[in-house]
Amino acid sequence: MNPTYDFTGQVAFVTGAASGMGLATATAFARAGAAVTLTDVDDDALATAGAGLRAAGHQVLTVHCDVSDEDQVAAAVSETVATFGRLDLAYNNAGIQSPTVDAADEPGAVFDRVTGINLRGVWACMKHELAQMREQGSGAIVNCSSLGGLVGLPGRAAYHGAKHGVIGLTRSAALEYAPRGIRINAICPGTIETPMVTAMFDSGDLDPAQAAADEPIGRLGTAEEMAAAVLWLCSPGASYVVGVALPVDGGYTAR
Ligand SMILES: NC(=O)c1ccc[n+]([C@@H]2O[C@H](COP(=O)([O-])OP(=O)(O)OC[C@H]3O[C@@H](n4cnc5c(N)ncnc54)[C@H](O)[C@@H]3O)[C@@H](O)[C@H]2O)c1
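Criteria and cut-off values
Residues numbered from 1 in each chain as written. Predicted model: local features only at pLDDT ≥ 70, side-chain atom pairs only at ≥ 80, totals over all residues. Heavy atoms only, no water. Pairing = 2+ DSSP bridges. Helix = DSSP H or I, 4+ residues; strand = E, 2+ residues; numbered from the N terminus. Axes fitted to C-alpha atoms, helices over the stretch in contact; angles between N-to-C directions. Contact = heavy atoms within 4.5 Å. Near = heavy atom within 4 Å. Polar contact = N/O pair within 3.5 Å; in protein donor to acceptor, adjacent residues only side chain to side chain. Areas by Shrake-Rupley, 256 points an atom, 1.4 Å probe, with all protein chains shown as cover. Phe/Tyr/Trp six-rings, centres within 6.5 Å; stacked < 30°, edge-to-face > 60°. Buried < 20%, exposed > 50% of the residue type's maximum accessible area, 1.4 Å probe, protein only. Lys NZ or Arg CZ within 6 Å of the ring centre and 35° of its normal. Parallel < 35°, antiparallel > 145°, perpendicular 65-115°, else oblique. Nonpolar A, V, L, I, M, F, W, Y, C, P; charged D, E, K, R; others polar. Left-handed = near helix turned anticlockwise from the far one by under 90°.

Draft legend 1. Inspection of the sheet that holds strand β1 (residues 11–15) at higher detail. Taking strand neighbours across the sheet as the criterion, the seven strands line up as β3-β2-β1-β4-β5-β6-β7 in an open arrangement whose pairing is parallel. Strands at the two margins of the open sheet, each flanked by one partner only, are β3 (60–64) and β7 (245–248). Sheet twist, expressed as the mean angle between neighbouring strand axes with direction ignored, is 20°. Here strand β2 (residues 35–40) runs beside β3; their pairing, made up of five bridges, is parallel. Looking at the pairing, T37 lines up with L61 of β3. Against the sheet, helix α2 (residues 43–55) makes contact with β2 and β3, and its axis sits at roughly 175° relative to β3, the strand it touches most.

This is how it looks when you write it as structure tokens:
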């Protein structure tokens, strides 16, 4: 169903790679022949993900990395380059959800945590990936925004603010690095069936039937459908695609 890509000889770096769309994308990169660094804060899930990919014969490095800590990001990128020799592909995916709350009641600590991971984390990852890719004169980066980067929703100011910010980072850096052989884009997933969304169903923050009905296509997306978009954006098939915020949302933002 999905097109196949050949990333043999290339090196991919994925954050938040132990679950959901990060794991699906790391798996897709590995199946397409790339050596892959999986990073996450959930060490048990990361170990399980790494073991599964290694057992399937893939070349994999797992590194604990909290993207809100720039030193950890720098170390993870360095370890990737020390292990595999280069960095060609990056998916800056790690993110957290924040509870729906009246904007007047949002605790500052929650805002700082959401922006620290979802926005500053993407900034830190891009910064250190670009330092390596700049040396090579090539590379492709995909940042994870959201439908929340394109529209507002009541109760979601912190999350949507951070995801809007990811698009600003993406566009500015894309303009800066396109002349140097590095393409930077973002995906904007709709509501995707991952552990993050399951937790929102469980907490009552999101109603499953309503969530499906809200997507014009009539169902939630899958992590594999997000991976397919990331791989395409990283592939030669997207060689002229620069600085886009690509909705992969079943039509949600087409309204
Ligand atoms: N699921 C959706 O509907 C949806 C929609 C739009 C955007 N997104 C975004 O997609 C990305 C992936 O979400 P998902 O749905 O696959 O969620 P998920 O919860 O299944 O996976 C997120 C992963 O990120 C990791 N993580 C959390 N904080 C981290 C940190 N500080 N440093 C490194 N890793 C960290 C988690 O341990 C987890 O493995 C997130 O950025 C999310 O905001 C999700």
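Once you've had a look at it, read on.
Draft legend 2. Examining the site of the ligand more closely. In the region of the ligand, 28 residues are neighbours, and S19, D40, N93, Y159 and T194 sit closest. Here S19 contributes a side-chain N or O atom positioned 2.6 Å from an oxygen atom of the ligand. The separation between a nitrogen atom of the ligand and a polar main-chain atom of V67 is 3.0 Å. Alone, the ligand offers 830 Å² of accessible surface; in the complex the protein occludes 91% of this. At the level of secondary structure, the elements contributing two or more residues to the shell around the ligand comprise α1 (20–31), α6 (157–177) and α7 (195–203).

Draft legend 3. Layout of the side chain of T25. Inspection of the secondary structure assignment puts T25 in helix α1. In terms of polar contacts, T25 uses its side chain to reach the backbone carbonyl oxygen of M21, at 2.7 Å.

Draft legend 4. Structural detail: the packing of aromatic side chains. Summed over all chains, the structure comprises two aromatic pairs. Ring centres of F7 and F29 lie 5.7 Å apart, and the angle between their planes is 75°; on these two criteria the pair is classed as edge-to-face. Of the two residues, F7 is situated in the segment before β1 and F29 in helix α1; the sequence distance between them amounts to 22 residues. F7 sits in the buried class, given a relative accessible area of 1%. Residue class for F29 comes out buried when judged on its relative accessible area of 0%. The positively charged end of R156 is found above the aromatic ring belonging to Y159, 5.6 Å away from the centroid. The ring of Y177 has R180 lying over it, and the distance from NZ or CZ to the ring centre is 4.3 Å.

Draft legend 5. Molecular detail of the packing of helix α4 (residues 108–118) against helix α5 (residues 120–136). One way to put it is that α4 packs onto α5 with a least axis distance of 3 Å and a crossing angle of 25°. Between α4 and α5, the interaxial angle falls into the category roughly parallel. Of the residues in α5, those in contact with T115, G116, I117 and N118 of α4 are R120, G121 and V122. Taken together, the residues that form the contact of α4 with α5 break down as two nonpolar, four polar and one charged.

Draft legend 6. Just the environment of E129, in detail. Turning to its location among the elements, E129 is positioned in helix α5. Linking E129 and A94, residues 35 residues apart in sequence, is a C-alpha distance of 15 Å. In contact with E129, other than residues within four places in its own chain, are F13, V77, L87, A90, N92 and I141.

Draft legend 7. Up close: the packing of helix α3 (residues 70–84) against α5. Contact geometry of α3 with α5 gives a least axis separation of 9 Å together with a crossing angle of 35°. The element α3 and its partner α5 pack so that their crossing is right-handed. The segment α3 lies against α5, with E70, V73, A74, V77 and V81 engaging R120, W123, A124, C125, K127, H128, E129 and Q132. Residue classes in the contact of α3 with α5 are distributed as seven nonpolar, two polar and four charged.

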